[in-house]
Each structure stands twice: as C-alpha cells, then as structure tokens.
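Here are the chains, one letter per residue:
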Amino acid sequence: MINSLHVDPELPDPPTTVGPMRRHPTYRHFECADGLWISLGALGPKFETNLLRSLGLDEILIDPRIQGVTAKAALPENLPWCSELITGAFASRSRPELLDLITAVGIPCGPSELSEGLVQQGADSGNRHGYRPSAPYRGTR
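So, here's what we can say about the structure. (Residues numbered from 1 in each chain as written. Predicted model: local features only at pLDDT ≥ 70, side-chain atom pairs only at ≥ 80, totals over all residues. Heavy atoms only, no water.)

### Section: the packing of aromatic side chains
The condition is simple: Only Phe, Tyr and Trp rings take part, Trp by its six-membered ring, and two of them pair if their centres are within 6.5 Å. Stacked means planes under 30 degrees apart, edge-to-face means over 60, and tilted covers everything else. Helix and strand definitions here come from DSSP, where helices need a minimum of 4 consecutive H or I residues and strands a minimum of 2 consecutive E residues; each element is numbered from the N-terminal end. Burial classes: relative accessible area under 20% of the type maximum marks a residue as buried, over 50% as exposed, and values in between as partly exposed (1.4 Å probe, protein chains only). Counting as a charge over the ring demands two things of the Lys NZ or Arg CZ atom: a distance within 6 Å of the ring centre and an angle within 35 degrees of the ring normal.
Here the structure, examined in full by the defined rule, presents one aromatic pair. Ring geometry for F30 versus F90: centroids 4.1 Å apart, planes at 10°, classification stacked. Residue F30 is located in strand 1 (residues 27-31), and its partner F90 is located in helix 3 (residues 79-91); the two are separated by 60 residues in the primary sequence. For the pair shown, F30 and F90 are each scored as buried. A cation over an aromatic ring shows up here: R65 above the ring of W81, its NZ or CZ 3.9 Å from the ring centre.

Below you can see the structure in the form of structure tokens.
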C-alpha cells in the first residue's frame, strides 16, 4: 500500500500545542491518577490499536471519524477529542497500573519525571524546548 501526503502551503499549520508534549495522541507524556507521569511511545496501527483496546477506548476505533484507522486520531479535526479521551483514561489509573497494562501488550513506555512547570512552559512556547523557528522558507526545503 502506498500513501501520499498532500500539503497546502496556503493553509495554516495544524496546532502543535495540544496537551502535554504536543500533537500525537499516543506518542507523548501523560499524567496518571497518582500525579506521576508516564512516557508513551505507541506509534503505528499495531501499537495505537493495542493501546486503545487495553485502555478500554474501543469507542475511538469504531467512531465514524476514525473508522478503525488510528492515524486519523492525529488529524486536526480529531486530535482534540481523541486526546481528551486518552488523557482521561491515563488520569483514571495509577502509573504502576498503566505501566503493567501497557507493557503487557508490548508498547514502549516508561516512567517520566516531568513537572507541571515544564509541561506548561512547553505549551506556552509552541514546543517543549522553547524554540520558535521563524524561517520564511518553511516547507520549501
């Protein structure tokens, strides 16, 4: 299967300041119910599907906007509601419980020592490093 990516330079960039550590709903940091953080690396249909099922979020997979295609969760129109559901699932369980659950299905994850200050700083600055590029040639290289 071959996919193509179409970019319209006239459209604005999609939001990148959504949630702690940005734009992908299953490849980022999450705060758990116990106030501790977890770093999650669920990229690709296998890992994304396993994660959603293990968290009891089949509703995302069967939603007509997603139709079982997990990559659609990162689309600008789906990212906010998918991220909210996934973030809520993490916020309802402790870090040890989540680490056990997620590693049992083979998804890369681990404890993270993020602080709320770092997360807020990243959200305010546009990226987690506080660097905001200003290249007028964006997208031409």
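### Structural notes on helix 3
Formally: Multiplying 1.5 Å by the residue count of a helix minus one yields the expected span of that helix.
The first and last C-alpha atoms of helix 3 sit 18 Å apart over 13 residues, in line with the 18 Å expected at 1.5 Å per residue. Taken residue by residue, helix 3 has L79, W81, C82, S83, I86, A89 and F90 as its buried positions.

### Thoughts on the sheet that holds strand 2 (residues 37-41)
Let me state the cut-off plainly: The pairing criterion for strands is at least two bridges between them, as found by DSSP. The axes are straight lines fitted to the C-alpha atoms, using for helices just the contacting stretch, and the angles between their N-to-C directions are given from 0 to 180°. Only heavy atoms matter for contacts: two residues are in contact if any of them lie within 4.5 Å across the pair.
The sheet built from three strands is open, its strands ordered 1-2-3 with antiparallel pairing. Of all the strands in the sheet, the pair left with one neighbour each is strand 1 and strand 3 (109-112). Put simply, the sheet's adjacent strands are angled 25° from each other on average, direction ignored. When strand 2 meets strand 3, the two strands line up antiparallel, connected through four bridges. Looking at the pairing, W37 lines up with S112 of strand 3. Contacts from helix 3 reach strand 1 and strand 2, with the element oriented near 50° to strand 1.

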